[in-house]
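So the chains spell out like this:
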Amino acid sequence: MNGIENVYLQLMTITQNIIEFNQTLTKSVTLIAVSKTKPIPDLLEAYQAGQRAFGENKIQEMTEKWEQLPKDIDWHMIGHVQTNKVKYMAPFVHLIHAVDSVKLLKEIQKQALKNDRTIGCLIQIRIAEEETKFGLPAEELSPLLDAAKEFPNVAIRGLMGMASFTSDQNQVREEFKRLAALFNKTLITYPDCKILSMGMSGDYELAIEEGSTMIRVGSKIFGERNY
Ligand SMILES: *Cc1c(COP(=O)(O)O)cnc(C)c1O
């Protein structure tokens, strides 16, 4: 196969993947196309296939892509956020998925106010058995949500979680179940917390079965990443 055919096939694959997700997902589940490390032409291909929500995990990379791409894209920051970098994404970020401290909320409030915006946030809950993951222990959610009431330019829109990286489907399901239970409980007191962001390429089907409303899918759309 020559180079041009190869490129053509790759581009068609992204389009095909977006179309297939749109055909299989119900309206209650939002697809975030996780485009971290991927070049602009790949994102444009997804955009031309109708995709408007993209996820990145580095603020600088997301900002560069925002500058170059159409302005009707919703940019989702899905990675861990350093407080001193919030200012770079504050003018445009749509939803910050991995908020896990009052300190970070305070900075988001400050930068949102400066930009005359309200910035949507999800609280990342630690659900994985693994030690390495970021996120808030479940019992610290209520105090954080109460603290967030002091920040008028921050809108807490729901919860986010990442399951353990394991082939044990039962364990992954149990972790999603725990997060979904916490989400449903939270919804009673905080009716604006409507988003449950859980599920990636390897586990989004399980996540949807357990109640996810937002999946973050990278490699199943764009192919494997070469870090
Ligand atoms: C990279 C990443 C994803 C997407 O991972 P895939 O396995 O490629 O779908 C989802 N969520 C977060 C937080 C990520 O960092």
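No experiment lies behind these values; they were computed from the predicted model shown. (Residues numbered from 1 in each chain as written. Predicted model: local features only at pLDDT ≥ 70, side-chain atom pairs only at ≥ 80, totals over all residues. Heavy atoms only, no water.)

Take the site of the ligand next. Lining the immediate surroundings of the ligand are Val 34, Lys 36, Ile 78, Met 160, Met 162, Met 200, Ser 201, Arg 216, Val 217, Gly 218, Ser 219 and Arg 225. Contacts to the ligand include Ser 219, whose backbone N or O atom sits 2.8 Å from an oxygen atom. With respect to the ligand, the side chain of Arg 225 contributes an N or O atom lying 2.8 Å from an oxygen atom. Residue classes in the shell around the ligand are distributed as six nonpolar, three polar and three charged. (Near = heavy atom within 4 Å. Polar contact = N/O pair within 3.5 Å; in protein donor to acceptor, adjacent residues only side chain to side chain. Nonpolar A, V, L, I, M, F, W, Y, C, P; charged D, E, K, R; others polar.)

This next bit is on the nonpolar core. If you look at the biggest cluster of nonpolar residues, it comprises 63 residues, and the most contacted ones within it are Ile 96 and Ile 123. In terms of residues, this core owes the most to one element, helix 7 (residues 169–189), which gives six residues. In contact with Ile 123, other than residues within four places in its own chain, are His 97, Val 99, Leu 136, Leu 141, Leu 144, Leu 145, Ile 156, Gly 158, Leu 159 and Met 160. By size, the runner-up hydrophobic cluster in this structure holds seven residues, among which are Ile 32, Ala 53, Leu 95 and Met 160. (Core = buried A, V, L, I, M, F, W, Y, C linked by side-chain atoms within 4.5 Å. Buried < 20%, exposed > 50% of the residue type's maximum accessible area, 1.4 Å probe, protein only. Helix = DSSP H or I, 4+ residues; strand = E, 2+ residues; numbered from the N terminus. Contact = heavy atoms within 4.5 Å.)

Our next topic: the pattern of salt bridges. Using the criterion set out here, one finds seven salt bridges in the structure. A salt bridge links Lys 149 to Asp 146; the shortest N-O distance between them is 3.2 Å. Salt-bridge contacts for Arg 173 lead to Glu 210; the nearest nitrogen and oxygen are separated by 2.5 Å. Remark: Glu 210 occurs in the loop between helix 8 (204–209) and strand 8 (214–217) and Arg 173 occurs in helix 7; sequence separation between them is 37 residues. Using a relative accessible area of 25% as the deciding quantity, one classes Arg 173 as partly exposed. (Salt bridge = Lys/Arg side-chain N within 4 Å of Asp/Glu carboxyl O.)

This paragraph deals with the packing of aromatic side chains. Counting across every chain of the model gives three aromatic pairs. Relative to Trp 75, the ring of Phe 54 has its centre 5.8 Å away and its plane inclined at 35°; by these criteria the two rings are tilted. Here Trp 75 lies in strand 3 (residues 74–77) and Phe 54 lies in strand 2 (residues 53–56), a separation of 21 residues in the sequence. Residue classification places Phe 54 among the buried positions, given a relative accessible area of 0%. When the centroid spacing of 4.2 Å and the interplanar angle of 5° are considered together, the rings of Trp 66 and Phe 92 count as stacked. Taken together, the positions of Trp 66 in helix 3 (residues 59–68) and Phe 92 in the loop between helix 4 (86–89) and strand 4 (95–99) put the pair 26 residues apart, joining distant regions of the chain. (Phe/Tyr/Trp six-rings, centres within 6.5 Å; stacked < 30°, edge-to-face > 60°.)

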